[in-house]
Amino acid sequence: MGDDIDEGYETIMSSTSSQSCTTWATIQGTLIEPREKETKEQVIAKIDTLYESGVPFFTKNAIRALSNQLKTKTTPGDKIITKDLTGASIEWKSLDWYGVQDTAYEPLSLSYRIRQLDPNSKTKETIPDNLEDTKDRETVAKDFLEKSQAWEESETCQRFKSILSSEVNGHDINKIVGLACGSLALPNNENATNQTALLVTVRNWLKDRDQDADISCYIQDPMNTSVDRKVLADIGFEMIDDPRGWLEIDERSVVLSVAPNVPVKEIIADTARPAVVIWNRVEEEDTKS
Ligand SMILES: C[S@@+](CC[C@H](N)C(=O)[O-])C[C@H]1O[C@@H](n2cnc3c(N)ncnc32)[C@H](O)[C@@H]1O
């Protein structure tokens, strides 16, 4: 927990990664019709039963319905309503988060990033969290170009392209979605640069294969800045906001996600069968110590 940084937001959370310290406000979900109090064990047993019966925890319909409400309910006091896995309605309210209550059966949650508007910007640009470290568009673009050229010339990239030729050739693909790649514009951008360069390789490989086919290319990471948006646009990638990435993924997509801190595998397993996924192997945790 961090300090309040803005009037009116009662509870603020900070999450820190190697790239930035990000400030989030989390919204509380409350059952509209209170249900009988359950013990933790009862809740876990019910969730296990739902899971084993094959009920999808994430669906595109639920994500889309929530996304539509977020677009239209923009007046303070507007109510956002979702239905949990048991069919019960949950109302989401900002301004009074005291821990997640009543939402054990709701896999979706709502939070928003707190940013400061730049008072000198006519176009309402935001001030990045790590202001002193943020680079300008030209520097970021040059850095990306140099590093992606080195990647393109590497043996690893040649091996990657031969895997694409042997494993992906038969797939009909018209979309690339990069999730949680991190920011090119913030410090410690090595992983973001490598993952974005790899996506550019996939796009170029597809364009060679399909004779300049139209491939839609998207990147979703709430860490991304306005400089990222411009640099990504220059290389043909559109920066998109959560939840659009989840809705874009379909059977003609290539998806990349490395070390995300949202449950990407669970969401995709429930919502889509992409042509190609590039992500970390699931490894069993060693619980002995
Ligand atoms: C541990 S970092 C990994 C970054 C990078 N892929 C790497 O390998 O270093 C987790 C990333 O997940 C991103 N993330 C969090 N919520 C996300 C969301 N809803 N959609 C996409 N990315 C998200 C974070 O902003 C962060 O950049």
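- If you check an unreviewed UniProt entry, the chain appears there as SRR1-like domain-containing protein from Penicillium cosmopolitanum.

A few points about the overall build of the chain
Turning to step 1, where the next piece is worked out: A tally of regular secondary structure across the chain gives 8 helices and 13 strands.
Turning to step 2, where the next piece is worked out: For the chain, the residues scored as buried account for 38% of the 289 residues in total.
Turning to step 3, where the next piece is worked out: Long-range pairs, those at least 24 residues apart, make up 64% of the contacts in the chain with a sequence separation of at least 6.
Turning to step 4, where the next piece is worked out: When the accessible area of the chain is evaluated, it comes to approximately 17,300 Å², of which 49% is carbon and sulfur surface.

Here's the deal with the site of the ligand
Turning to step 1, where the next piece is worked out: Around the ligand sit 15 residues, and of these Ala-180, Asn-191, Asp-221, Asp-242 and Val-258 come closest.
Turning to step 2, where the next piece is worked out: Within the contact set of the ligand, an oxygen atom lies 2.6 Å away from a side-chain nitrogen or oxygen of Asp-221.
Turning to step 3, where the next piece is worked out: In this structure, Asn-261 approaches the ligand through a side-chain N or O atom, which is 3.2 Å from an oxygen atom.
Turning to step 4, where the next piece is worked out: Here the ligand loses 83% of its free accessible area of 590 Å² to cover by the protein chains.
Turning to step 5, where the next piece is worked out: Residues that form the shell around the ligand fall into these classes: 8 nonpolar, 5 polar and 2 charged.

Digging into the side chain of Ser-253
Turning to step 1, where the next piece is worked out: If you trace the backbone, Ser-253 turns up in strand S12 (residues 253-257).
Turning to step 2, where the next piece is worked out: With near-sequence residues (within four places) excluded, Ser-253 lies in contact with Lys-175, Glu-248, Pro-274, Ala-275 and Val-276.

Thoughts on the side chain of Thr-82
Turning to step 1, where the next piece is worked out: Here Thr-82 shows up in strand S4 (residues 80-83).
Turning to step 2, where the next piece is worked out: Engagement of the side chain of Thr-82 in a polar contact is seen with the side chain of Trp-92, the distance being 2.9 Å.
Turning to step 3, where the next piece is worked out: If we ignore the near neighbours within four places in the chain, the residues touching Thr-82 are Leu-66, Ala-88, Ser-89, Ile-90, Trp-92 and Glu-106.

Considering the sheet that holds S4
Turning to step 1, where the next piece is worked out: What the 3 strands build is an open sheet, ordered S3-S5-S4; its pairing is antiparallel. In this open sheet, the two strands that pair with only one neighbour each are strand S3 (28-31) and S4. Across this sheet, the average inter-strand angle for adjacent strands is 35 degrees, counted without regard to direction.
Turning to step 2, where the next piece is worked out: Where S4 meets strand S5 (residues 89-93), 4 bridges bridge the pair, whose relative direction is antiparallel.

Quick notes on helix H2 (residues 60-72)
Turning to step 1, where the next piece is worked out: With 13 residues, H2 extends 18 Å between its outermost C-alpha atoms, agreeing within 8% with the 18 Å of an ideal straight helix rising 1.5 Å per residue.
Turning to step 2, where the next piece is worked out: For H2, the elements touching its buried residues are S4, helix H7 (244-248) and helix H8 (264-271).

Observations regarding the packing of aromatic side chains
Turning to step 1, where the next piece is worked out: The full count for this structure, using the stated rule, is 2 aromatic pairs.
Turning to step 2, where the next piece is worked out: Seen from their ring centres, Tyr-51 and Phe-57 are 5.7 Å apart, and the 75 degrees between their planes marks the pair as edge-to-face.
Turning to step 3, where the next piece is worked out: Note on Tyr-51: relative accessible area 60%, which makes it exposed.
Turning to step 4, where the next piece is worked out: A ring pair is formed by Trp-151 and Phe-160, whose centres lie 6.3 Å apart and whose planes are at 50 degrees; its orientation type is tilted.

Observations regarding the confidence of the model for the chain
Turning to step 1, where the next piece is worked out: When pLDDT is averaged along the chain, the result is 87, and 88% of the positions lie at 70 or above.
Turning to step 2, where the next piece is worked out: Of the regions scoring below 50 in pLDDT, residues 1-11 engages in 22 contacts with residues more than four places distant in sequence or in other chains.
Turning to step 3, where the next piece is worked out: Considering only residues more than four positions removed or in separate chains, one finds that residues 96-100, a stretch of pLDDT under 50, has 8 contacts.

The rules we used
Residues numbered from 1 in each chain as written. Predicted model: local features only at pLDDT ≥ 70, side-chain atom pairs only at ≥ 80, totals over all residues. Heavy atoms only, no water. Helix = DSSP H or I, 4+ residues; strand = E, 2+ residues; numbered from the N terminus. Buried < 20%, exposed > 50% of the residue type's maximum accessible area, 1.4 Å probe, protein only. Contact = heavy atoms within 4.5 Å. Areas by Shrake-Rupley, 256 points an atom, 1.4 Å probe, with all protein chains shown as cover. Near = heavy atom within 4 Å. Polar contact = N/O pair within 3.5 Å; in protein donor to acceptor, adjacent residues only side chain to side chain. Nonpolar A, V, L, I, M, F, W, Y, C, P; charged D, E, K, R; others polar. Pairing = 2+ DSSP bridges. Axes fitted to C-alpha atoms, helices over the stretch in contact; angles between N-to-C directions. Expected span 1.5 Å × (residues − 1). Phe/Tyr/Trp six-rings, centres within 6.5 Å; stacked < 30°, edge-to-face > 60°. pLDDT = per-residue confidence, 0-100.

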